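# Coordinates in review
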Amino acid sequence: MASNNLAQEVPLLIQKPANVSTLDYLTSHEKPRQLHVLKFQHSPTNCLVKLHGLWYDLTEFQDRHPGGREALRLAAGRDATIMFESHHVFSSDKLIKYYLDKYRLSPEESAHLLTLEEACFEGVPERQELLDPFDPLSTSKFGNDLKQRVREYFQNLARKRGITLIESTKASPAKCRLMASLAVMWAVSLVLLVRGNFSMLLIHPLMAWIFTAATFHDALHFALSTNPTINSVVGNLFPYLASPFGWYHQHVIGHHPFTNIPNRDPDLLHGSESSNKAIAQYLPFDARLALFFMTATSLGLGLQNELFLVLGVSRSYNGVVPRIPVSVVKLIRVAVLRVVFFLVSFGWPFVLLQGMNLGARFAFSVVPHAVYSTLFMINSQVNHQSEATKSARSRDWFVHQVITAQNFGDSSVGGLTWWFHYLMSGGLCLQMEHHLFPTVNHCHLPAVAKIVKQVCYEHGVPYTRAEGYGQALAEYYRQEKKESKKFE
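Residues numbered from 1 in each chain as written. Predicted model: local features only at pLDDT ≥ 70, side-chain atom pairs only at ≥ 80, totals over all residues. Heavy atoms only, no water.

## Comments concerning the packing of helix H12 (residues 200–219) against helix H21 (residues 415–425)
- Contact geometry for H12 and H21: axes closest at 7 Å, N-to-C directions at 85 degrees. Judged by the angle between their axes, H12 and H21 are roughly perpendicular. Facing H12, whose interface residues are Leu206, Trp209, Ile210 and Ala213, H21 presents Leu423, Met424 and Ser425.
- The class makeup of the residues in the contact of H12 with H21 is six nonpolar, one polar and no charged. (Axes fitted to C-alpha atoms, helices over the stretch in contact; angles between N-to-C directions. Helix = DSSP H or I, 4+ residues; strand = E, 2+ residues; numbered from the N terminus. Parallel < 35°, antiparallel > 145°, perpendicular 65-115°, else oblique. Contact = heavy atoms within 4.5 Å. Nonpolar A, V, L, I, M, F, W, Y, C, P; charged D, E, K, R; others polar.)

## Some thoughts on the pairing of strand S2 (residues 54–57)
- As defined by bridge partners, strand S1 (residues 48–51) adjoins S2 across four bridges and the pair is classed as antiparallel. Looking across to S2, one finds that Leu51 is bridged to Leu54.
- Two successive antiparallel strands, S1 and S2, enclose a turn made up of two residues, where His52 displays a positive phi of approximately 50 degrees. (Pairing = 2+ DSSP bridges.)

## Here's the deal with the packing of aromatic side chains
- According to the stated counting rule, one finds 26 aromatic pairs in the structure shown.
- Members of the aromatic cluster, connected to one another through ring pairs, are Trp209, Tyr240, Phe341, Tyr372 and Phe376.
- Here Lys31 stacks its cationic end above the ring of Tyr25, 5.2 Å away from the centre of that ring.
- Its guanidinium or amino end placed over the ring of Phe258, Arg264 lies 3.8 Å from that ring's centre, counting from NZ or CZ. (Phe/Tyr/Trp six-rings, centres within 6.5 Å; stacked < 30°, edge-to-face > 60°. Lys NZ or Arg CZ within 6 Å of the ring centre and 35° of its normal.)

## Examining the nonpolar core
- Leu58, Leu74, Phe90, Phe142, Phe154, Trp209 and Phe437 are the most contacted members of the largest nonpolar core, which has 112 residues in total.
- Ranked by residues supplied to this core, first place goes to H12 with nine residues.
- Setting aside residues no more than four positions away along its own chain, Phe90 makes contact with Val150, Arg151, Phe154, Leu165, Ile166, Thr169, Phe437, Thr439 and Val440.
- If you look at the next biggest cluster of nonpolar residues, it comprises nine residues, including Leu193, Met200, Leu201 and Ala360. (Core = buried A, V, L, I, M, F, W, Y, C linked by side-chain atoms within 4.5 Å. Buried < 20%, exposed > 50% of the residue type's maximum accessible area, 1.4 Å probe, protein only.)

In structure tokens:
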């Protein structure tokens, strides 16, 4: 049960200096309460989790968690209510109740506990709003109806295939065959790239993106397999975007539960507007946007943000997602591996392609990264950064996930155009469905989309869809152009 250290006196609440912005305060200031909870309450080994206002000591349950220890550690020290609810739609309510009853802490044991977020946001005027942006999920009629119908769909699918309910939500045999085919094409393109084939400057990053979108993303949402080891291994195979450690903070802990919520969603700090301050006086908007697209993964997500997460004084991802309590050894390993990947992925042509001139070797060093980053940005930014989605808000978490996301392409029509959008985006073109049911493999999202669209219609919830890449990118461009004017 809870350690005696939990009773250590909590430091007094300090206030944010009036002349410092909330974001600057979150990213660049140490906070006594944050240091306190990391020293006395939330350690790299224990697992104290807050769900629906109650605390649970899941330390001894970590290695027994059906989703794996790695998944449960994402909740350590947090109010993980939203993550918990969105990741257990298809789990046994009876089994969940059994374990929660077993590991619940008494009011006396949990009286001094603070979540990582409570400590991180200390002294911020809008602290309570940041900590509690949504109404209780159980009160959503829209959400309850949606979950029931999607669950019924997978129950029928499970019966037809003779598998468990949760197994029916993971990669289908057809999806596994697709992943195998993509793996072969990616491997062949990599070999040809290393041999100096110039066509691979474009083909290899394209194959790397399609393969990553079809595997890495699902694996780190625990949507690839019911086997935690498979999800973990596959998630570690593709360091192009980020390490799993960085991706969990940015995407699973931050972006998904708190989509487009300022100072909760780290993705809002990845937009080109955040890069414009430093370079707006030197480059026009189109050039800045192009530069941002070409460097976002290799220099931003994959290096700068990871090192900030490991080394930053705020002990957080972009100042808004407190870091999972981990050992110093783990942090060093993450930082070293990211630096090594950066050096190897940019430096290999200068070692292996000695027969080429310096310009050609430079092209093999830079172009694949730029193309891969651009593909990632095209498929990720259009989902939440249109004018309508960026300003949308709802206290109903399920409604919020729908109105802050934008699908593109039409799954109901099918045909080559739809499958092009679906394959190229790795299923991200069905963003609403993915955000509502993150543990469902994207091979099932077209079927889920029919249910979501119908339930949205019945409850009067807007279901926003762009016709395709062209319309989605145009809306994104207009929004970014509008945002950029504040720096010009």
